[in-house]
Amino acid sequence: MPLYEYFCKGCGKRFDKMMRFSEVNNAPECPYCSSKETSKQISTFASVGTGSGASAQTSTSSSCSTGGRFR
């Protein structure tokens, strides 16, 4: 089941909820105030960066025969 992020309009808090694909259009109840006025948010997990983080670095030592790079 995918994990979705929600925002509660009643209390202003954010929360995560695992929902089935068939239930994703149903607004879940807020776990903090029990309000049904919740809305799905865009995930902040995947964000655009400058490329200066660890993902931009390449390692030359690897146990892979391709030197750690996909071909």
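On a predicted model such as this, the values are computed, not experimentally measured, just so you know.

*Asks:* So, the packing of aromatic side chains: which residues are in play, and what are the values?
*Replies:* Applying the stated criterion to the full structure yields one aromatic pair. Relative to F15, the ring of Y6 lies with its centre 5.7 Å away and its plane at 20 degrees, an arrangement referred to as stacked. Look at Y6 and you get buried, because its relative accessible area is 2%. For F15, a relative accessible area of 6% corresponds to the buried category. Here the basic side chain of K13 rests over the ring of Y32, its NZ or CZ set 4.8 Å away from the ring centre.

*Asks:* Describe the nonpolar core, naming the residues involved and giving the relevant values.
*Replies:* By size, the foremost hydrophobic cluster in this structure holds seven residues: Y4, Y6, C8, F15, M19, V24 and C30. At three residues, strand β1 (residues 3–8) tops the list of elements feeding residues into this core. F15 has contacts with Y4, E5, Y6, C8, P28, E29, C30, P31, Y32 and T38, leaving out every residue within four places of it along the chain.

*Asks:* Give a detailed account of the environment of Y6, specifying residues and quantitative values.
*Replies:* Its location among the elements puts Y6 in strand β1. Residues Y6 and E29, spaced 23 residues apart in sequence, show a C-alpha to C-alpha distance of 9.8 Å.

*Asks:* Can you tell me about a nonpolar patch on the surface, naming the residues and giving the values?
*Replies:* Together, M1, L3 and M18 make up a nonpolar patch on the protein surface, roughly 360 Å² of accessible area in all. For M1, the position within the fold is in the segment before β1. The exposed category is assigned to M1, whose relative accessible area is 63%.

Parameters and conventions
Residues numbered from 1 in each chain as written. Predicted model: local features only at pLDDT ≥ 70, side-chain atom pairs only at ≥ 80, totals over all residues. Heavy atoms only, no water. Phe/Tyr/Trp six-rings, centres within 6.5 Å; stacked < 30°, edge-to-face > 60°. Buried < 20%, exposed > 50% of the residue type's maximum accessible area, 1.4 Å probe, protein only. Lys NZ or Arg CZ within 6 Å of the ring centre and 35° of its normal. Core = buried A, V, L, I, M, F, W, Y, C linked by side-chain atoms within 4.5 Å. Helix = DSSP H or I, 4+ residues; strand = E, 2+ residues; numbered from the N terminus. Contact = heavy atoms within 4.5 Å. Patch = residues over 30% accessible without salt bridge, like charges linked within 9 Å, V, L, I, M, F, W, Y side chains within 5 Å. Areas by Shrake-Rupley, 256 points an atom, 1.4 Å probe, with all protein chains shown as cover. Salt bridge = Lys/Arg side-chain N within 4 Å of Asp/Glu carboxyl O.

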